[in-house]
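# Commentary on secondary and tertiary structure
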Amino acid sequence: MPRWFWKPILHGMILRLQPAKSAQLYREIWTDAGSPLIVHTYNLTKKVRTLLPNWEVAMAMTYGQPTIASQITKLQQKCHHITVLPLFPHYSKSTTKSIIDQVAAVAPNAAIIKRFGGDDAYIALLVNRINQLWTAGDYDQLFVSYHGVPVSVIKRGDPYQDETMVTSRKLQAALTLTSDKIKFTYQSRFGPTPWLQPYLHESLVQAADAGIRKVLLVCPSFTADF
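Worth saying up front: this structure is predicted, and the values here are computed from it rather than measured.

## Things to note about the overall build of the chain
- Scanning the chain from N- to C-terminus turns up eight helices and five strands.
- Secondary structure elements of the chain occur, N-terminal to C-terminal, as α-α-α-β-α-β-α-β-α-α-β-α-β.
- Taken over C-alpha atoms, the radius of gyration comes to 19 Å for the chain, in line with the 17 Å a tight globule of 226 residues would show.
- With the principal axes as the frame, the chain shows a C-alpha extent of 60 × 45 × 40 Å.
- Considering the chain as a whole, with its 226 residues, one finds that 31% of them fall into the buried category.
- Here the analysis covers contacts within the chain between residues at least 6 apart in sequence; of these, 68% occur between residues at least 24 apart.

This is the structure we're talking about:
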């Protein structure tokens, strides 16, 4: 939507109503160490630093501190080559593209890993983790849920849905579960316009109505969240 249209909606309605609702949800997952997003991203950064001892490894936030610009500026003082890894496995203009734009403003020659949701190594990690949890938990059904985007974004050429479908097909082929045990969905719909379906919330209600009580939920569209 054009800026003149969405800005009044954002400031007049969303930012007046959404923060209080979100704050209550965040209280339920907050940790003693602080924001789960920050904690997990920091721990991931430390592990990558251990695995790449010859690299300078730093974390940055698209919306928050430390900023992408500030971290890249520090790295430029001692690094000749910079590689940026957005922690979104699947490319979308609403996520990865926003990071690319911020990087380009300070380091136009930086290499950017734009996607990895279909990489065999990523699929293998997901499969290994799912198998571990499935075996230990005696679950009834596996829900694979990706972050949703509006259908209008896909119609304008965004590759996000196609990339999540690649991940789904590879997971389906690699897992030992039968197809009736796996449900692929999208979550985080916001607003009245249609988003990618099937919606996670509706699918969970349908599963409960069908007598399914123990569900394993996997979110492959994030690598560090909550």
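## So, the environment of K114
- Here K114 is to be found in the loop between β2 (111–112) and α5 (120–137).
- Taking C-alpha positions, K114 is 6.9 Å from P86, a pair spaced 28 residues apart along the chain.
- Once you skip the residues sitting within four places of it in the chain, K114 turns out to touch F88, Y91, T96 and I100.

## Structural notes on the pattern of salt bridges
- Applying the stated criterion to the full structure yields four salt bridges.
- E163 is paired through a salt bridge with R115; the nearest N and O atoms lie 2.5 Å apart. Pair noted here: E163 is in helix α7 (residues 160–174) and R115 is in the loop between β2 and α5, with a separation of 48 residues, a long-range link.
- For D120, the salt bridge identified is with K170, shortest N-O distance 3.3 Å. Highlighted residues: D120 in helix α5 and K170 in helix α7, separated in sequence by 50 residues.
- Overall, the relative accessible area of 30% leaves K170 in the partly exposed class.

## Description of the sheet that holds strand β3 (residues 141–147)
- Strand order across the open sheet formed by three strands is β4-β3-β5, with parallel pairing between neighbours. Every interior strand has two partners, whereas the edge strands, β4 (182–187) and β5 (215–218), have only one. When the angles between neighbouring strand axes are averaged without regard to direction, this sheet yields 25 degrees.
- As paired strands, β3 and β4 are joined by six bridges and run parallel to one another. Of the residues in β4, the one forming a bridge with S145 is T185.
- The sheet contacts of α5 involve β3 and β5, and relative to β5 the element is tilted by about 165 degrees.
- Most of the contacts of helix α8 (residues 200–209) go to β3, to which it runs at about 165 degrees, and overall it touches β3, β4 and β5.

## Some details on the packing of aromatic side chains
- Following the criterion strictly, the structure yields five aromatic pairs and no others.
- Considering the side-chain rings of Y26 and W30, the 6.3 Å spacing of their centres and the 85 degrees angle between planes classify their relative orientation as edge-to-face.
- Taking the relative accessible area as the measure of exposure, Y26 reaches 46% and is therefore partly exposed.
- On the numbers, 5.7 Å between centres and 40 degrees between planes, the contact of Y146 with Y186 is tilted. Of the two residues, Y146 is situated in strand β3 and Y186 in strand β4; the sequence distance between them amounts to 40 residues.

Cut-offs used in this document
- Residues numbered from 1 in each chain as written.
- Predicted model: local features only at pLDDT ≥ 70, side-chain atom pairs only at ≥ 80, totals over all residues.
- Heavy atoms only, no water.
- Helix = DSSP H or I, 4+ residues; strand = E, 2+ residues; numbered from the N terminus.
- Rg over C-alpha atoms; globule rule 2.2 N^0.38 Å.
- Buried < 20%, exposed > 50% of the residue type's maximum accessible area, 1.4 Å probe, protein only.
- Contact = heavy atoms within 4.5 Å.
- Salt bridge = Lys/Arg side-chain N within 4 Å of Asp/Glu carboxyl O.
- Pairing = 2+ DSSP bridges.
- Axes fitted to C-alpha atoms, helices over the stretch in contact; angles between N-to-C directions.
- Phe/Tyr/Trp six-rings, centres within 6.5 Å; stacked < 30°, edge-to-face > 60°.

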